[in-house]
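Here are the chains, one letter per residue:
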Amino acid sequence: MNTFRINKMLTATMCVVVLMLGCTDTDPKESASQSNNTKPEQTNIKIDQLAGAHNIIKQINTELENNPSAAGGKTYYVCDTGNDENTGLSESSPFRSYEKAISMFATISGGDSVLLCRGGQFPITKGKGVNNLNCSVEAPCTLSDYGDATKAKPSIISSDSTAALKFYGNINPAKNGGGYVIKNLNLLSTTGTGKGIFLYVGVHDMLLDNLHIQGFRLGVQLAGTNIHKITLKNSTVINSVGQGVLGGCTDCLYENNYFQNNGANVYHHNIYLSSGSDENSITKNMVVRGNTLYQSALDDEGKCGGVSLVAHGRFEGLTIENNLIKEDVGAVKGTCYGISVDPGYAYDEYFKDVVIRGNTLLNVGGNAIGCASCDGALIENNTIIDEGSVLVHGISVPVRTEDTVKSKNITIRNNKILLTKNWNQTSGVRVGGFHPMSVENNDIYLADYPLSECVRGTDKNIDVDDTLNTCNKTVSASNIKGLVQTLLNDSYKVTPVQETPVQETPVQETPVQETPVQETPVQETPVQETPVQETPVQETPVQETRVQETRVQEILGSQASTENELLTSSIQRNPLQGSVSDNRFVSTTYKAGSLFSISKKGSTNSAPVKPVAPNKTCQVYARGRCMM
């Protein structure tokens, strides 16, 4: 038996032993920016610095899966100092271009890797999609980084409407690619168009880890049917012109990500979950956990105007837990809901077996947590605090006009709610509809105002037993700080991890039109929409008027969006540090003359203005609104 076969056998034996012993003491590798504080070389563009943390999942299986080369796969190297005529098989002979890297990734064998050098910048001159049938869960294909850990992650830069990374499948499941690992990359847009990551029809079994996605029209989009088992974790999505993430999928997980300043009006959201463009699609077992969402859909005045986390369509087994959803005190409109799971399309929708628990919502507007057409929902252990006297209802079911399915089997328990608005309709928990609901063991704090109620019941819940909850109508200017701290002591907690801001040199590139991937274009039906008059939530009736919304569809072909991102660190916050009112998110503006150089008028922070796409395309998104 030769030496190679002996080494291979020893390696396999060691892997089996590791799996038998377990992995409780195995720590995941830190990203380069977390493991050292070395300042990168000074360049022309300064990237936003955000404060935050990730609770990294310790799994040896994931580590092995993310290092397929350890199992014998080939590794191809790409660096902006290389040459596409090189072999690419060593760090001393790397390929050079983005196009070569993606073309190689689209054809490599299962278990192979394509690695981009740290500190490298890779402008897109011609887009290319990936549907590699050689990759699989057993032998995943990896697109990641290599090289000097003190340098920034490699940056893929889009200067037109080309998607930074595009993966597509086919209606025939046998022709759908899956088994991808994409990690440790920066995806940047200089035009505010396109998508950072675009997944279309049938893509499955993909891990998106430690990515920075900045400045696109859509940060991440999942479009079409039969997309499943996608994990997005430990990543940052910021400054999207439209949605931060658009789409949901079966057996998918969004975990430990940071979203900030995505969207610009009431139609936009940090996270927009949908069940697909096919009205018969049902998304099952979707989990959104441990994310931080901040500054959703800021308008020209720097106020949040869109729901931070919204879900429309048909879902079964949707879990939203342990997320931090935050806005600055008073920098919100009545339409700035925190979490809302409700109908929004023209077809019949429902949400079965929904769990919303352990979330912390700070200073959102209108309704903090809402559900409608929910058949079986558990809303528990959430902390809701409003210091700005904008929030009207802490938890509301139904939150808007319902479809055929009427909310039933609803349990609202063990939540902590503090509202400061002096208005007759203010309520900690508001329940109504066609079926009785259970409301118990909630701690509710309100100002002492004549008609405000800790638990408000209407319709079949007119006689809801509010004595099963603790009602404190004692909130005042003198005791609010103490009450806030008390409630936060038991709320969502994260451990801050400071990340060194990454800096990039601007890349001058002549835009090149993307050659469409071989796909059948999906034509979007134009929607005629009557302008929506925005009415303060304080004066909105209990039942919201239903606005029909055309389901999300994607225009493919030469107009498929580009994705480009100007990096930022991935971060989350510990709400227990200082008062809730403090703006603890540190951001800086870009150098004058660069893309994000002007601060928003009236904004309470210096978050840069998102670029406006030169070719405006109208698409209908959440709550019947049209995104430009």
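For the structure itself, consult the block above.
Residues numbered from 1 in each chain as written. Predicted model: local features only at pLDDT ≥ 70, side-chain atom pairs only at ≥ 80, totals over all residues. Heavy atoms only, no water.

A. Quick peek at the overall build of the protein chain. A tally of regular secondary structure across the protein chain gives 5 helices and 44 strands. A burial count over the protein chain gives 60% of its 628 residues as buried. Pairs at least 24 apart in sequence give 80% of the contacts found in the protein chain among residues at least 6 apart. Counting only carbon and sulfur atoms, one obtains 50% of the accessible surface of the protein chain, whose full area is about 24,200 Å². (Helix = DSSP H or I, 4+ residues; strand = E, 2+ residues; numbered from the N terminus. Buried < 20%, exposed > 50% of the residue type's maximum accessible area, 1.4 Å probe, protein only. Contact = heavy atoms within 4.5 Å. Areas by Shrake-Rupley, 256 points an atom, 1.4 Å probe, with all protein chains shown as cover.)

B. Just helix H5 (residues 480–488), in detail. Considered for burial, the residues of H5 that qualify are Ile 480, Leu 483, Val 484, Leu 487 and Leu 488. Taken around the axis of H5, the buried residues stretch over an arc of 130°, which confines them to a single face. In this structure, the buried residues of H5 make contact with strand S30 (360–362), strand S33 (383–385), strand S36 (416–418) and strand S39 (443–445). (Arc of directions from axis to C-beta.)

C. Summary view of the nonpolar core. Within the largest apolar cluster, 91 residues are counted, with the highest numbers of intra-cluster contacts made by Phe 105, Val 114, Leu 165, Phe 167, Ile 182, Leu 273 and Val 341. At 5 residues, helix H4 (residues 98–105) tops the list of elements feeding residues into this core. Sequence-distant contacts of Ile 182, that is, excluding residues within four places in its chain, are made with Phe 105, Leu 143, Leu 165, Phe 167, Leu 207, Leu 208, Asp 209 and Leu 211. (Core = buried A, V, L, I, M, F, W, Y, C linked by side-chain atoms within 4.5 Å.)

D. Up close: the state of the cysteines. Inspection of every chain in the model, using the stated rule, returns 6 disulfides. Across the disulfide, Cys 249 is cross-linked to Cys 252 (sulfur-sulfur distance 1.7 Å). Given an S-S torsion of about -120°, the disulfide between Cys 249 and Cys 252 has left-handed geometry. The residues Cys 249 and Cys 252 share a single accessibility class, namely buried. Here Cys 304 pairs with Cys 336 through a disulfide, and the sulfurs are 2.0 Å apart. (Disulfide = S-S within 2.5 Å.)

E. Structural context of the pattern of salt bridges. Under the criterion given, the structure shown has 12 salt bridges. With its nearest N and O atoms 2.5 Å apart, the salt bridge here joins Arg 118 to Asp 145. Placement of the pair is Arg 118 in the loop between strand S3 (113–117) and strand S4 (121–123) and Asp 145 in strand S6 (residues 141–146), with a sequence separation of 27 residues. For Asp 145, a relative accessible area of 15% puts it in the buried group. Counted as one network, the salt bridges with shared partners bring together Glu 255, Arg 289, Glu 321, Arg 357, Glu 380 and Arg 413. (Salt bridge = Lys/Arg side-chain N within 4 Å of Asp/Glu carboxyl O.)

F. Expanded view of the packing of aromatic side chains. By the definition in use, this model includes 7 aromatic pairs. Each ring, one from Phe 315 and one from Phe 351, has its centre 6.0 Å from the other, and the planes form 20°; the classification is stacked. Taken together, the residues Phe 315 in strand S25 (residues 314–316) and Phe 351 in strand S29 (residues 350–357) connect sequence positions 36 residues apart. Phe 351 matches Phe 315 in its accessibility class, with the two residues each being buried. Between Tyr 345 and Tyr 347, the ring centres sit 5.4 Å apart and the planes meet at 45°, which makes this aromatic pair tilted. Look at Tyr 347 and you get buried, because its relative accessible area is 8%. Clustering of aromatic rings is evident, with ring pairs tying together Phe 105, Phe 167 and Tyr 180. Here the basic side chain of Lys 100 rests over the ring of Phe 95, its NZ or CZ set 4.9 Å away from the ring centre. Over the ring of Phe 198 we find Lys 195; its NZ or CZ atom is 4.8 Å from the centre of that ring. (Phe/Tyr/Trp six-rings, centres within 6.5 Å; stacked < 30°, edge-to-face > 60°. Lys NZ or Arg CZ within 6 Å of the ring centre and 35° of its normal.)

G. Fine view of unusual backbone geometry. Cis geometry marks the peptide bond from Val 397 to Pro 398; its omega dihedral reads -5°. Along the chain, the position of Pro 398 falls in the loop between strand S34 (391–397) and strand S35 (408–413). You will see that Asp 251, though not glycine, has its phi angle at about 60°, which is positive. Within the secondary structure layout, Asp 251 lies in the loop between strand S17 (245–246) and strand S18 (253–255). On the basis of relative accessibility, which here comes to 38%, the residue Asp 251 falls in the partly exposed class.

H. Region of the structure containing the pairing of strand S7 (residues 155–158). Burial along S7 is two-sided: the face carrying Ser 155 and Ile 157 and the face carrying Ile 156 and Ser 158 are both buried. In the sheet, S4 pairs with S7 via 3 bridges, with the strands oriented parallel. The partner of Pro 123 across the bridge, within S7, is Ile 157. As paired strands, S7 and strand S10 (residues 186–189) are joined by 4 bridges and run parallel to one another. If you follow Ile 156 over to S10, its bridge partner there is Leu 187. (Pairing = 2+ DSSP bridges.)

I. Representation of the sheet that holds strand S37 (residues 427–431). Taken in spatial order, the 12 strands of this open sheet run S5-S8-S11-S14-S17-S20-S24-S28-S31-S34-S37-S40, and their pairing is parallel. Two strands close off the open sheet at either side, each with one partner strand: strand S5 (129–130) and strand S40 (453–457). Bridge analysis of S34 against S37 gives 4 bridges, and the strand direction is parallel. Bridging from a neighbouring strand, Val 397 pairs with Val 431 of S37.

J. Quick look at H4. In terms of burial, H4 is largely enclosed, as 6 of its 8 residues are buried. Within H4, burial applies to Tyr 98, Glu 99, Ala 101, Ile 102, Met 104 and Phe 105.

What is shown is where atoms sit, not what they do.
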